[in-house]
There are 2 protein chains.
Amino acid sequence: MESRQVERQAAPDTEPSVRQPGPEIELLVRDMIGRVADKWTMLILEELAEHGTLRFTRLGDLVGDISQKMLTKTLRQLESDGLVLRTVHPVIPPHVDYRLTELGLSLSEAFCGVWEWAEKYHAQVAQARQDFQSAALPRSSGRAVAAQDTDSGT
Amino acid sequence: MESRQVERQAAPDTEPSVRQPGPEIELLVRDMIGRVADKWTMLILEELAEHGTLRFTRLGDLVGDISQKMLTKTLRQLESDGLVLRTVHPVIPPHVDYRLTELGLSLSEAFCGVWEWAEKYHAQVAQARQDFQSAALPRSSGRAVAAQDTDSGT
DNA sequence: CAGTATCCAACCTGATACTG
DNA sequence: CAGTATCAGGTTGGATACTG
């Protein structure tokens, strides 16, 4: 899902003072979000953060409904991004361990807020969803509609 | 030498009173993660959190490279989940406002940690990716390989 | 055990065209 | 302006087979 066109808009030499990080940084940060804001990434990171070192199959079992394909793919990406360390023990049968790197651990900690949010508010979201469904069925009353406004704005 | 890890996967259901809610909740929370751990969700929430109320097109411009389709779709989902409030002003031409609800605001705050992480470590990730690429090309030396281990483990 | 490779169906995404 | 409809392409995921 990475088809990002990086427009290199000419940086005006009217570069103001030292102000905030440039817009280029913005793009990099955005890119990071695109990489880590992923369901499997979060779930895998969480399991590794909680259990420490895990083997491929065990990790897959813990995550639950992930396919071997996605597990492999996501782990490879996490490894290439320096978030997960993959260790191969040259034995038969194969034995491969996965564990978080310092960087990966720091990300899993950053995700904590989101996990806590999910735990705290999942009921409210479920309720909102029901309300939305209910409101969508009846004829009148769609969603929020502002009172007639004489100001056409545009 | 490698410490033989004693996996306690055989742990009986005698759930120790450590913490964690029931396993059913786990599934619900997981579901929530699946819904919010999304690139567009994060980006849209961020823009709304930063700018307050925004109109469709303006929001799309701020997010940048999102397609109209995904913008619509993601907004609908956010609306149905009670994170975003959509207000239609019945004028011509149409005028639709989007803004965060309290719930949406709380989620955007939960995401802060991830944004901060991205800002702080994006360079390290980029470096890791380069290193990984470099290490993948050469003949020998794949990634981390543990020393020969006489204990076949399984 | 820990993958890789392949086929195929289903879905997600983006770009384009059209409408009220 | 704020969408919806449609089509083309890539990604996801399951199932299966094969490897070291």
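This text goes with the structure placed above it.
These numbers were taken from a predicted model, which means no experiment stands behind them.

**Remarks on the protein's contact with DNA strand C**
(1) Moving on: Lining the immediate surroundings of DNA strand C are 18 residues, of which Arg55, Pro94 and Tyr98 of chain A together with Lys69 and Met70 of chain B lie closest.
(2) Moving on: Take the atoms of DNA strand C that sit within 4 Å of the protein: sugar and phosphate atoms are 62% of them.
(3) Moving on: Within the side chain of Arg55 of chain A, an N or O atom sits 2.6 Å from a phosphate oxygen of DNA strand C.
(4) Moving on: Per element, the largest residue contribution to the surface near DNA strand C is 4 residues, and it comes from helix 4 (residues 68-80) of chain A.
(5) Moving on: Here the residues of the surface near DNA strand C are counted per class, giving 8 nonpolar, 5 polar and 5 charged.

**Quick look at the environment of Val91 of chain B**
All names here are of chain B.
(1) Moving on: With respect to the helices, strands and loops of the structure, Val91 is situated in the loop between strand 2 (84-89) and strand 3 (95-100).
(2) Moving on: Given the relative accessible area of 10%, Val91 is considered buried.
(3) Moving on: Along the backbone, Val91 and Glu102 are 11 residues apart, and their C-alpha atoms lie at a distance of 27 Å.

**A few points about the pairing of strand 3 (residues 95-100) of chain A**
Residue and element names in this part refer to chain A.
(1) Moving on: The buried fraction of strand 3 amounts to 5 of the 6 residues, a majority that puts the element mostly inside the structure.
(2) Moving on: In this structure, strand 1 (residues 54-55) lies alongside strand 3, joined through 2 bridges in antiparallel fashion. Each residue of the ladder has a partner; that of Leu54, found in strand 3, is Tyr98.
(3) Moving on: Summarising the sheet, strand 2 (residues 84-89) and strand 3 pair through 6 bridges and their orientation is antiparallel. Bridge pairing links Leu85 to Arg99 in strand 3.
(4) Moving on: The antiparallel hairpin formed by strand 2 and strand 3 contains 5 residues in its connecting segment.

**Notes on helix 3 (residues 56-63) of chain A**
All names here are of chain A.
(1) Moving on: Among the residues making up helix 3, those that are buried are Leu59, Gly60 and Val63. Along the axis of helix 3, the buried residues cluster in a sector spanning 100°; they form a single face. Relative to its buried face, helix 3 has exposed residues pointing more than 90 degrees away, namely Thr57 and Asp61.
(2) Moving on: Gly64 occupies a position one or two residues after helix 3 and carries a positive phi of about 100°.

**Looking at the relation of the copies chain B and chain A**
Applying a rotation about an axis and a shift along it to one chain copy brings it onto the other copy.
(1) Moving on: The transformation that overlays chain B on chain A combines an axial shift of 0.0 Å with a rotation of 180°, and the residual RMSD is 0.1 Å. The two molecules are tied by a two-fold rotation axis, judged by turn and shift.

**Focus on the sheet that holds strand 3 of chain B**
Sheet strands pair by backbone hydrogen bonding; their relative direction is either parallel or antiparallel.
All names here are of chain B.
(1) Moving on: Judged by pairing direction, the sheet is antiparallel, and its 3 strands sit side by side in the order 1-3-2 without closing on themselves. Here the strands that pair on one side only, and so sit at the sheet edges, are strand 1 (54-55) and strand 2.
(2) Moving on: Helix-sheet contacts for helix 2 (residues 39-51) involve strand 1, strand 2 and strand 3, and the interaxial angle to strand 3 is about 95°.
(3) Moving on: Across the sheet, helix 4 (residues 68-80) touches strand 2 and strand 3, and the angle it forms with strand 2 is around 110°.

**A closer look at the packing of aromatic side chains**
Residues and elements named next belong to chain A.
(1) Moving on: Summed over the entire model, instances satisfying the criterion amount to 2 aromatic pairs over all chains.
(2) Moving on: When the centroid spacing of 5.8 Å and the interplanar angle of 45° are considered together, the rings of Trp117 and Tyr121 count as tilted. Linking Trp117 with Tyr121, this pair stays in helix 5 (residues 102-136), spanning 4 residues, or about one helical turn. Tyr121 matches Trp117 in its accessibility class, with the two residues each being buried.
(3) Moving on: Seen from the ring of Trp40, Lys39 lies directly overhead, with NZ or CZ sitting 4.5 Å from the centre.

**Some words on the sheet that holds strand 2 of chain A**
(1) Moving on: Taken together, the 3 strands give an open sheet; going across it, the order is 1-3-2 (chain A), and neighbouring strands pair in antiparallel fashion. Sheet topology places strand 1 and strand 2 of chain A at the edges, where each strand pairs with a single neighbour.

About the thresholds
Residues numbered from 1 in each chain as written. Chains lettered and ligands numbered in written order. Predicted model: local features only at pLDDT ≥ 70, side-chain atom pairs only at ≥ 80, totals over all residues. Heavy atoms only, no water. Near = heavy atom within 4 Å. Polar contact = N/O pair within 3.5 Å; in protein donor to acceptor, adjacent residues only side chain to side chain. Helix = DSSP H or I, 4+ residues; strand = E, 2+ residues; numbered from the N terminus. Nonpolar A, V, L, I, M, F, W, Y, C, P; charged D, E, K, R; others polar. Buried < 20%, exposed > 50% of the residue type's maximum accessible area, 1.4 Å probe, protein only. Pairing = 2+ DSSP bridges. Arc of directions from axis to C-beta. Least-squares fit on C-alpha atoms with pLDDT ≥ 70 in both. Contact = heavy atoms within 4.5 Å. Axes fitted to C-alpha atoms, helices over the stretch in contact; angles between N-to-C directions. Phe/Tyr/Trp six-rings, centres within 6.5 Å; stacked < 30°, edge-to-face > 60°. Lys NZ or Arg CZ within 6 Å of the ring centre and 35° of its normal.

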